[in-house]
Amino acid sequence: MTTDAMILPRATTGKVRSHQTQNEALLFEKSSPGKRAYKLPPLDVPEVDAATLLGAAHRTTPGELPELSEIEIIRHFTRLSTWNYAIDLGMYPLGSCTMKYNPRVNELVARIEGLAEAHPYRPDSLAQGILEVIELLQRCLLEITGMDAITLQPAAGAHGEFTGILLVRAWHESQGNARKKILIPDSAHGTNPATAAICGYTVENLKSNSEGGIDLEALTRQVDEETAALMLTNPSTIGVFESQIAQIAEILHAKGALLYMDGANMNALVGKARPGDFGVDVMHLNLHKTFSTPHGGGGPGSGPVACKTFLEPFLPTPVLHQNENGTKSWSYDRPNSVGRVRAFYGNVGMFIRALAYILANGPDGLRQTTEDAVLNANYIRAKLEDIYELPYKTASMHEVVFNDKRQRALGATTGEIAKRLIDYGFHPYTVSFPMIVHGALMIEPTESESLEELDLFIAAMRAIAREVEETPELVKTAPHSTRVSKLDEVQAARKPILRWRRTA
Amino acid sequence: MRYLPKSPAEREQMLAEIGALSIDDLFAVIPAGHRLNRDLYVPRAYAESEIIDYFRAAGAKNATDYASFLGAGAYRHYRPVIIDSLIQRGEFLTSYTPYQAEISQGTLQAIFEFQTMIAELTGMDVANASMYDGSTGAAEAVMMAVRVTGRHKAVVASTVHPEYREVLATYAKHQGLPTTLVGYNAETGRLDLAALEAEVTQETAAVLVQSPNFFGVIEDIPAIAAIAHAKSALLIVSIAEAISLGVVRPPVEADIVSMEAQSFGVALSYGGPFCGVIAAKEQFVRQMPGRLVGQTVDSSGYRGFVLTLSTREQHIRREKATSNICTNQALVALMATIFLSVYGKEGIRELAEHNLAKANYAAQTLSSQPGAKLLFKGAPRFHEFVLQTEESPAQWSQRLLDNKIVGGIDLSRWYPELQNCTLWCATEVITRANIDTAANALAAKLVEAL
């Protein structure tokens with residue numbers, strides 16, 4: 001059992017800045033003319049004179065790209081990599097982000113030559129292997145969500161939201177009225193209102209009830225014949241399952257409005273409950289959250305959209321078609337489609353990884369994964385709720401949201417506590433979100449954390465709470481052990497330097 | 001369950017400490033009627049070796065031993081080995097968006113380098129941290145021009161990738177953003193400048209063109225810019241083949257460049273993930289979509305990098321954001337950054353020249369076969385060209401497939417007027433032997449075994 005004493009602040013010394021691995025310059029600053037990291041094979045066709053062939057379109061001034069050797073490039077990016085925190089280093093409890101383990105076999109299979117080298121326009125007859133992979137993933141995701149039809153085209157979660165709301169809009173239009181507004185709870189991700197806006201809808205805010213959930217009375221009041229849909233995250237951003245989900249769906253459906261579910265928090269539901277079984281009409285998934293494809297420092301993602309049968313005719317073009325002879329092909333004959341949302345078929349490399357994850361788990365593994373994710377969040381809640389204020393006492397699922405009320409009274413905010421957590425070897429939790437919780441600490445451990453790692457995290461959180469009481473300056477000036485200290489964001493925004501330039 | 005780091009005893013211990021009798025207690029909040037009381041109908045759990053076997057079999061069914069002349073927005077180039085070595089470092093692969101700057105300096109500095117390289121190559125002042133791909137990037141660029149100009153119409157070249165145009169149509173439909181299409185000159189394959197001049201008005205927010213265009217032809221950017229700017233419309237240049245910038249003059253007259261950077265070391269992967277990016281003139285930066293990394297200093301004065309100008313973005317501005325984009329293509333942008341480091345200032349030019357030479361030889365060789373003709377001869381090209389044949393592509397394509405060659409793509413699927421016309425691409429990975437074999441098969445000549 002880990003005790004607080006074992007991990008008490010070792011310090012405030014910081015890293016050795018003078019060491020060359022900590023002072024890697026920009027590529028451009030390391031460049032010197034004549035260095036090479038490449039060699040092209042001999043040209044086996046006649047050489048051409050680019051200036052003659054291209055005329056006025058010929059480039060005469062090259063771009064300032066660096067000139068380096070291979071070892072320098074390897075060292076450059078390896079050194080940079082060590083300045084990052086990562087799931088592979090430790091717990092990454094960002095609420096809403098589902099930072100789970102990214103299995104390495106996924107990376108291997110996504111690079112299998114026949115899959116990685118396939119051109120999107122190769123004839124369907126030469127693409128049956130990848131089409132089978134796509135078809136099996138679609139079937140698995142439909143089973144997991146309990147929905148009827150799916151597109152894998154959207155490139156990320158927000159892109160999936162866009163696609164899903166377009167389906168909603170197209171269906172309403174087919175009923176004679178596109179309607180005007182989308183209801184969005186005040187606890188929602190920022191992408192929800194941004195999506196509604198680019199789909200041509202106005203956003204109407206729905207105030208959460210005292211438990212952080214949907215207020216049925218307010219909903220009943222606000223849903224009308226101009227309401228296209230409610231965009232709901234379930235479990236919500238405070239990690240709570242909307243137990244009145246059936247009533248919510250009923251209220252919407254009674255006025256002809258649809259229920260859109262943001263699937264960001266599906267890691268709490270896979271194998272335990274299916275949105276298709278509780279009234280959801282359309283939803284997106286994040287393969288980079290729930291299905292273990294790597295976040296990669298911000299992407300790529302993949303945001304499949306699943307829907308009920310009545311929305312199927314509107315899915316983006318093309319859709320995968322099963323031919324009678326057992327082969328598969330893309331169908332472009334989609335007169336009611338909302339159109340394309342992306343060139344080609346989606347982030348296929350992510351499909352391969354997500355399917356590898358599903359196959360590695362099977363039905364038992366998927367269910368156990370969800371149970372462990374929920375168990376971990378509840379364990380953290382039980383071990384910290386005496387120290388950090390829990391604004392909503394409702395049962396937590398895969399994440400728990402505290403606020404900084406007690407610590408703020410002593411002068412330390414959630415943002416400062418988060419920075420101090422870095423000194424203890426953890427990535428911060430999500431800070432100041434959802435907006436319905438003032439000073440939120442949003443913690444999502446995922447299933448990937450061992451009991452030992454959880455205990456270390458809990459001990460760190462408890463130690464920081466004590467520091468807030470005893471040595472608040474230590475917290476407020478954190479982090480102390482990183483390569484750089486707190487960065488000046490105001491200066492960055494006021495006089496933006498967004499690129500390197502050669503100085504004479 | 002090899003990914004789950006817990007023993008049954010530990011689970012029991014944790015439940016006890018939570019005060020739950022069983023795991024079901026933690027799911028009791030889900031109404032009983034909504035709980036799934038059966039196994040999911042998905043395949044049973046596979047061993048790691050079985051997973052590899054499954055995907056190897058799928059890969060083998062895809063047929064790997066074909067030489068391909070397909071391009072059209074997805075290009076096969078050689079990918080230096082160190083790209084995959086470096087991006088599979090866990091610190092890059094398994095990190096999140098670099099919101100916590102102090103422990104994300106690696107990702108942040110690499111994005112800053114990416115932004116710089118893209119700006120240098122495109123001739124723009126600034127570039128963002130990436131977009132989903134070239135198609136959504138082009139649509140977002142048009143919406144950006146609408147915000148900049150306050151105008152609500154767009155003029156689009158029919159020689160922009162047809163799928164990019166479809167994506168733009170999907171976005172534009174709900175923005176109150178009508179778009180008009182301008183055709184191409186039948187001799188040169190370039191945008192019809194007279195038609196463009198007639199379409200661009202004081203209400204035009206942006207002119208969207210692609211260069212090299214969908215036919216591989218390089219557009220006359222200075223002339224197009226003059227027409228757009230005469231009516232104070234913005235010029236957006238979409239670039240689907242980024243390698244072209246090694247040898248093709250960058251579109252410096254453009255206001256916004258939307259580029260697909262897949263050619264910079266990113267596998268074809270059946271169409272994704274790719275790497276879009278938007279670059280622009282400095283004065284438009286506050287209307288740009290997507291993430292931006294900026295340089296700053298820490299409290300001791302050391303140089304460091306942060307995500308900046310985020311008041312444009314959805315997590316701050318919600319429905320008033322410049323875009324709903326959140327997750328982008330960061331790891332793919334890192335691949336592009338490593339690729340450009342490997343080739344560098346000289347290498348990117350040399351590589352582009354090889355592409356030019358291969359395509360030039362392929363165009364000459366294929367078009368000199370009986371019944372074959374090269375279209376759009378009157379304008380400069382990069383590495384794609386349009387071939388017209390007497391036979392329909394359906395007739396000759398099987399002969400090529402029999403010789404393990406995938407020929408050009410049939411253009412009549414998007415351009416009905418281009419019957420028996422195919423778009424061919426020859427990058428540096430195509431060999432002279434591939435080209436000669438394709439030429440012979442096209443001519444229905446007996447092909448000697450290689």
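Since this is a predicted model, take the numbers as computed values, not measurements. Once a new chain begins, its residue numbering starts again from 1 and follows that chain's sequence as written. Here every chain gets a letter starting at A, and every ligand a number starting at 1, in the order they are written. Since the coordinates come from a predicted model, pLDDT governs what is reported: local features require at least 70, and pairs of side-chain atoms require 80 or more to be given and counted, while whole-chain, interface and lining totals use all residues.

Caption draft 1: Expanded view of the sheet that holds strand 12 (residues 384-389) of chain B. Residue and element names in this part refer to chain B. Being paired, for any two strands, means DSSP has found at least two bridges between them. The helix count covers DSSP runs of H or I at least four residues long, the strand count covers runs of E at least two residues long, and both are numbered beginning at the N terminus. Taken together, four strands build an open sheet; the order of strands is 11-12-15-14 and the sheet is antiparallel. Each edge of the open sheet is held by one strand with a lone partner, namely strand 11 (372-374) and strand 14 (409-410). The sheet contact formed by strand 12 and strand 15 (residues 421-425) spans five bridges and is antiparallel. When the bridges of strand 15 are listed, V386 appears paired with L423.

Caption draft 2: Fine view of the domain arrangement of chain A. All names here are of chain A. As annotated, the domain borders come from an automatic or database domain assignment. When cut into domains, chain A gives domain 1 (107-358) and domain 2 (370-490). Relative placement of domain 1 and domain 2: their C-alpha centres are 31 Å apart. Each residue is assigned to one of three groups, with Ala, Val, Leu, Ile, Met, Phe, Trp, Tyr, Cys and Pro labelled nonpolar, Asp, Glu, Lys and Arg labelled charged, and all others, Gly among them, labelled polar. Across the side of domain 1 that touches domain 2, the residue classes break down as seven nonpolar, eight polar and three charged.

Caption draft 3: Structural context of the interface of chain B and chain A. A pair of residues counts as a contact when their C-beta atoms, built from backbone coordinates, are separated by no more than 7 Å. Opposite the 163 residues of chain B that make contact, chain A presents 169 residues. The dominant element in the side of chain B that touches chain A, judged by the number of residues it contributes, is helix 12 (residues 330-367) of chain B, at 24 residues. Its residues placed into classes, the side of chain B that touches chain A shows 82 nonpolar, 49 polar and 32 charged.

Caption draft 4: Representation of the pairing of strand 7 (residues 256-260) of chain B within the structure. Residues and elements named next belong to chain B. Comment: burial labels come from other C-beta atoms within 10 Å of the residue's own C-beta, placed from the backbone, where a count of 20 or more is buried, 12 or fewer is exposed, and between is partly exposed. With respect to burial, strand 7 is a largely interior element, five of its five residues being buried. Burial along strand 7 is two-sided: the residues I256, S258 and E260 and V257 and M259 are all buried. The sheet contact formed by strand 6 (residues 234-239) and strand 7 spans four bridges and is parallel. Considered in strand 7, the bridge of I236 is made with I256. The sheet contact formed by strand 7 and strand 8 (residues 276-280) spans five bridges and is antiparallel. The partner of S258 across the bridge, within strand 8, is I278.

Caption draft 5: Local environment of the sheet that holds strand 3 (residues 202-206) of chain A. Residues and elements named next belong to chain A. Sheet architecture is open: seven strands sit in the order 1-7-6-5-4-2-3, paired in mixed fashion. Because the sheet does not close on itself, it has two edges, and the strands there are strand 1 (149-151) and strand 3. Along the sheet, successive strands turn relative to each other by an average axial angle of 20 degrees, direction set aside. Across five bridges, strand 4 (residues 227-233) lies against strand 5 (residues 258-262) in parallel orientation. All axes here are fitted lines through C-alpha atoms, helices being fitted over the stretch that makes contact, and every angle between N-to-C directions spans 0 to 180 degrees.

Caption draft 6: Up close: the packing of helix 11 (residues 348-384) of chain A against helix 1 (residues 8-18) of chain B. At a closest axis distance of 9 Å, the pairing of helix 11 of chain A and helix 1 of chain B adopts a crossing angle of 45 degrees. Taken together, the axes of helix 11 of chain A and helix 1 of chain B are oblique relative to one another. Every pair of crossing elements has a handedness; the one defined by helix 11 of chain A and helix 1 of chain B is left-handed. Between helix 11 of chain A and helix 1 of chain B, the residues in contact are L375, N378, Y379 and A382 of chain A and R11, M14, E17 and I18 of chain B, respectively. Split by residue class, the contact of helix 11 of chain A with helix 1 of chain B holds five nonpolar, one polar and two charged. An angle below 35 degrees is treated as roughly parallel, one above 145 as roughly antiparallel, one from 65 to 115 as roughly perpendicular, and anything else as oblique. It is the rotation of the near helix from the far one that decides the hand of a crossing: anticlockwise by less than a right angle makes it left-handed, clockwise makes it right-handed.

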